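Fold and geometry: a report
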Amino acid sequence: MTMDPTQLDELSRYLSYVLRHEPQTIGLQLDKDGWADIDSLIAGAGRDGRAIDLSMIRAVVETSPKKRFALSDDFQRIRAVQGHTTSTVQRTYPEAIPPDLLYHGTATRFLASIREQGLKAGLRHHVHLSLDLTTATAVGKRHGKPVVLVIRALRMHQNGFKFFLSENNVWLTNAVPPEFIDTIDQSLIE
Ligand code: HQG
């Protein structure tokens, strides 16, 4: 079956939901590295009223602009690369030295709290940081009126904070204290 962009996007969102957040809603088991058995995923989705098959899953994995999902070499298993909230999953990522600056897109209504507490991972397992302003702006828009924060990532690293790089090139860290956060000139992103 050929899927149009809307169908691909819709299935991608569903896969994010079950592989990052709520696998139990379809009786799916994830291991601590996030892997799920694809036959079980297909069966669980079927019970949930969604007829999907391996070719549809592969189409989503291959076309995902952010490369959100990975398949095992034998195509038996799938996982979300990052962004989990489910406590079953405790993925580890390789540590890496970050570039001088990274960006974090958020909504203006969170600014006061972030200035006070710094960035926290919240429900997810890490704070997610972007390499470029465009991506960070898009992330911020998901939450409301966007604002982009500049993170002095290399300086943080030099001060002993660990950074991790996921397979799809999202930078991750546990928390960002306020002293490493600058607000960007909004005219640059509007
Ligand atoms: C905010 C998407 C108040 C934080 C994106 C964010 C990303 C605080 C929200 C990935 C705070 C959490 C993750 C504090 C942080 N006070 N608010 N102290 N610290 N926040 O969705 O980074 O498309 O969990 O700024 O591309 O928006 O799904 O994180 O606004 O990479 O693949 O709390 O999700 O990837 O929101 O998004 P989220 P995020 P996908």
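1. Quick word on the nonpolar core
- In terms of nonpolar packing, the biggest core is built from 24 residues, with Leu11, Leu15, Leu19, Leu41, Ile57, Phe69 and Ile78 touching the most fellow members.
- Elements with a contribution of two residues or more to this core: α1 (5-21), α2 (38-47), α3 (54-63), β2 (69-71) and β3 (77-80).
- The element contributing the most residues to this core is α1, with six residues.
- Each residue touching isoleucine 78, except ones within four places of it in the same chain, is listed here: Leu15, Leu19, Gly34, Trp35, Ala36, Ile38, Leu41, Ile57, Val61, Phe69, Ala70 and Leu71.

2. Notes on the sheet that holds β3
- Read from one edge to the other, the open sheet built from three strands follows the order β1-β3-β2, with strand pairing classed as antiparallel. A strand with exactly one partner marks an edge of an open sheet, and here the two such strands are β1 (36-37) and β2.
- The sheet strands contacting α1 are β1, β2 and β3, and the helix crosses β3 at an angle near 90°.
- Taken strand by strand, α3 contacts β2 and β3, and its axis lies near 125° from that of β2.

3. Thoughts on the side chain of arginine 91
- Tracing the backbone shows arginine 91 in the loop between β3 and β4 (102-107).
- Note on arginine 91: relative accessible area 11%, which makes it buried.
- A polar atom in the side chain of arginine 91 sits 2.9 Å from the backbone oxygen of valine 81.
- Residues contacting arginine 91, with those up to four places away along its chain left out, are Lys32, Asp33, Arg79, Ala80, Val81, His84 and Glu167.

4. With respect to the pattern of salt bridges
- According to the stated counting rule, one finds eight salt bridges in the structure shown.
- One salt-bridge network, held together by shared partners, links Arg79, Arg91 and Glu167.

5. Observations regarding the domain arrangement of the protein
- Each domain of the protein was delimited in the assignment, giving domain 1 (5-80) and domain 2 (102-188).
- For domain 1 and domain 2, the distance between their C-alpha centres works out to 27 Å.

6. Digging into the site of the ligand
- The immediate surroundings of the ligand are formed by 17 residues, with Lys66, His104, Thr106, Ser113 and His143 found nearest.
- Within the side chain of serine 113, an N or O atom sits 2.6 Å from a nitrogen atom of the ligand.
- Breaking the shell around the ligand down by element, the ones donating at least two residues are β4, α4 (111-117) and β5 (119-120).
- Per-element accounting of the shell around the ligand gives the leading share, three residues, to α4.
- In terms of residue class, the shell around the ligand is made up of four nonpolar, seven polar and six charged.

7. Things to note about the environment of threonine 108
- Within the secondary structure layout, threonine 108 lies in the loop between β4 and α4.
- Separated by 105 residues in sequence, threonine 108 and methionine 3 place their C-alpha atoms 36 Å apart.
- Contact partners of threonine 108, with chain neighbours within four places excluded, come to Lys145, Pro146 and Val147.

Parameters and conventions
- Along each chain, residues carry numbers from 1 onward, in the same order as the chain's sequence is written.
- Under the rules for a predicted model, residues below a pLDDT of 70 receive no local features and side-chain atom pairs below 80 are neither given nor counted, while totals for whole chains, interfaces and linings still include all residues.
- Note that water and hydrogens are dropped before the side-chain values are worked out from all heavy atoms of the structure.
- What we call a nonpolar core is a set of buried Ala, Val, Leu, Ile, Met, Phe, Trp, Tyr and Cys residues that are connected through their side-chain atoms within 4.5 Å.
- To sort residues, take the accessible area from a 1.4 Å probe on protein chains only and compare it with the maximum for the residue type: under 20% means buried, over 50% means exposed, and anything in between is partly exposed.
- The way it works is that DSSP assigns letters per residue, a run of H or I at least four long becomes a helix, a run of E at least two long becomes a strand, and they are numbered from the N terminus.
- The contact definition used throughout considers only heavy atoms, calling two residues in contact when any of these lie within 4.5 Å.
- Any two strands with at least two DSSP bridges between them are considered paired.
- For helices, the fitted line uses only the C-alpha atoms of the stretch in contact; every axis is such a line through C-alpha atoms, and the angle between N-to-C directions lies from 0 to 180 degrees.
- Any pair of nitrogen or oxygen atoms within 3.5 Å is treated as a polar contact; in protein, a donor-acceptor pairing is required on top of that, and neighbouring residues in sequence qualify only through side-chain atoms on both sides.
- Just to be clear on terms, a salt bridge is a Lys or Arg side-chain nitrogen sitting within 4 Å of an Asp or Glu carboxyl oxygen.
- Note that the domain bounds were set by an automatic or database domain assignment.
- Working definition: residue near molecule or strand if any one of its non-hydrogen atoms lies within 4 Å of it.
- Charged residues are taken to be Asp, Glu, Lys and Arg, nonpolar residues to be Ala, Val, Leu, Ile, Met, Phe, Trp, Tyr, Cys and Pro, and polar residues to be all remaining types, Gly included.

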